[in-house]
Each structure stands twice: as C-alpha cells, then as structure tokens.
Amino acid sequence: MRLVILAAFLPAFLAAALTAAPALADCTDPPDPEVNWQGCNFNGLTLTELNLEGARLREASFLRADISGSNLRGIEGYKMRMVSAKAREVDFEGAALPRADFTKADLTGANLAGADLRNARLYQTVLRDANLTGAKLGGADLAQADLTGATWIDGERTCREGSIGRCF
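S.K.: Would you mind going over the pattern of salt bridges with me for this structure?
M.R.: Side-chain pairs of opposite charge can arise whenever the charged atoms involved come near each other. Counted by the stated rule, this structure contains 10 salt bridges. Here Asp 91 ties to Arg 73 by a salt bridge, and the two come within 2.6 Å at their closest N and O atoms. Here the residue Asp 91 occupies a position in the segment after helix 1 (2–20), and Arg 73 occupies one in the segment after helix 1, the gap between them amounting to 18 residues. A relative accessible area of 16% means that Asp 91 is categorised as buried. On the basis of relative accessibility, which here comes to 32%, the residue Arg 73 falls in the partly exposed class.

Here's what the structure looks like:
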C-alpha cells in the first residue's frame, strides 16, 4: 500500500523539484533586469547605462570594465569583483554586495544607499560624492578610500575634503 501511495506522489514531487532548481547563468544573455550573470566574466568591457536592477551577479567579474551610469539597484553581488572598474554614477541602492571587491575602482557619485557592503574590499576606491546613507559597512576595508564629499551612513554628515580611509 505504501508503495502505491509513493508512486502516486513521485511524478508531482519530481516536477516540483525540477522547477524549483535555480536557473544556470548564461553569460551570453542580453543585459536585462533580473538577468542571471552569476560567475560571468565581463573584464575590460564597456557596459555603460545598463538596467540590471535585481540581477544576479554573484561572483561575476568586471575587472577594468566601465559600467558608469548603470542601474544595479537591488542586485545580488556576493563576492562580485570590480577591481579598477569605472562605475561612476552607478545606482547600487539596496544592493547585496558582501565580500565584493572594489579595489581601486572609481565609484564617484555612486548611490550606495542601503547597500550591504559588509566585508567588502574598498581599498583605494574613489567614493567622491557617493551616497552611503544606511549602507552596512561592518568589516569593510576602506583603507586609502577617497570619501571626499560622500554622504556618510548616517545620512546627515558629508565627508570633508581629504577624507581618506574615514569620513571627517
């Protein structure tokens, strides 16, 4: 009797399991909101003014790429790499960027309001005039980062000229 009951539910269980599996990243998919570019490599490319809102960019690589003016609101960018990237005026509001690497990147004027940057590497990153209101910076490496003119996490303080590594 148990075998008959199990056999009756097996097709439904398999169908649910297969549809619940996450889609694999296709690095050739066009840039669209919620695209899955997990683990993809875009090193050195010019990808300006894209709308990637809500995209899955987990462990994606944008080394020396230019993504200036793009909408990356609410992306999932765990361990994303943007070393020496140009990301001026990029909207990262509400983005999940824990352990992301922005070493020597130019994030001038970027909106990082509410972004999760815990344990992110922001070494020598240019954050001039960036908005860090409500950003989570626990464990983030801000050594030698240029915070001049940035709105600090409290949303009230603007970092003075010469704010390197910390907001004055």
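S.K.: Help me out: how do you make sense of the state of the cysteines in this one?
M.R.: Here the structure, examined in full by the defined rule, presents two disulfides. Put simply, Cys 27 and Cys 40 are joined by a disulfide, and their sulfur atoms are 2.0 Å apart. Here the disulfide of Cys 27 and Cys 40 is left-handed, its torsion about the S-S bond being about -85°. Here Cys 40 lies in the segment after helix 1 and Cys 27 lies in the segment after helix 1, a separation of 13 residues in the sequence. Since its relative accessible area comes to 1%, Cys 40 is described here as buried. A sulfur-sulfur distance of 2.1 Å marks the disulfide that ties Cys 159 to Cys 167. The S-S bond linking Cys 159 to Cys 167 shows a torsion near -115°; that makes this disulfide left-handed.

Thresholds, definitions, all that
- Residues numbered from 1 in each chain as written.
- Predicted model: local features only at pLDDT ≥ 70, side-chain atom pairs only at ≥ 80, totals over all residues.
- Heavy atoms only, no water.
- Salt bridge = Lys/Arg side-chain N within 4 Å of Asp/Glu carboxyl O.
- Helix = DSSP H or I, 4+ residues; strand = E, 2+ residues; numbered from the N terminus.
- Buried < 20%, exposed > 50% of the residue type's maximum accessible area, 1.4 Å probe, protein only.
- Disulfide = S-S within 2.5 Å.

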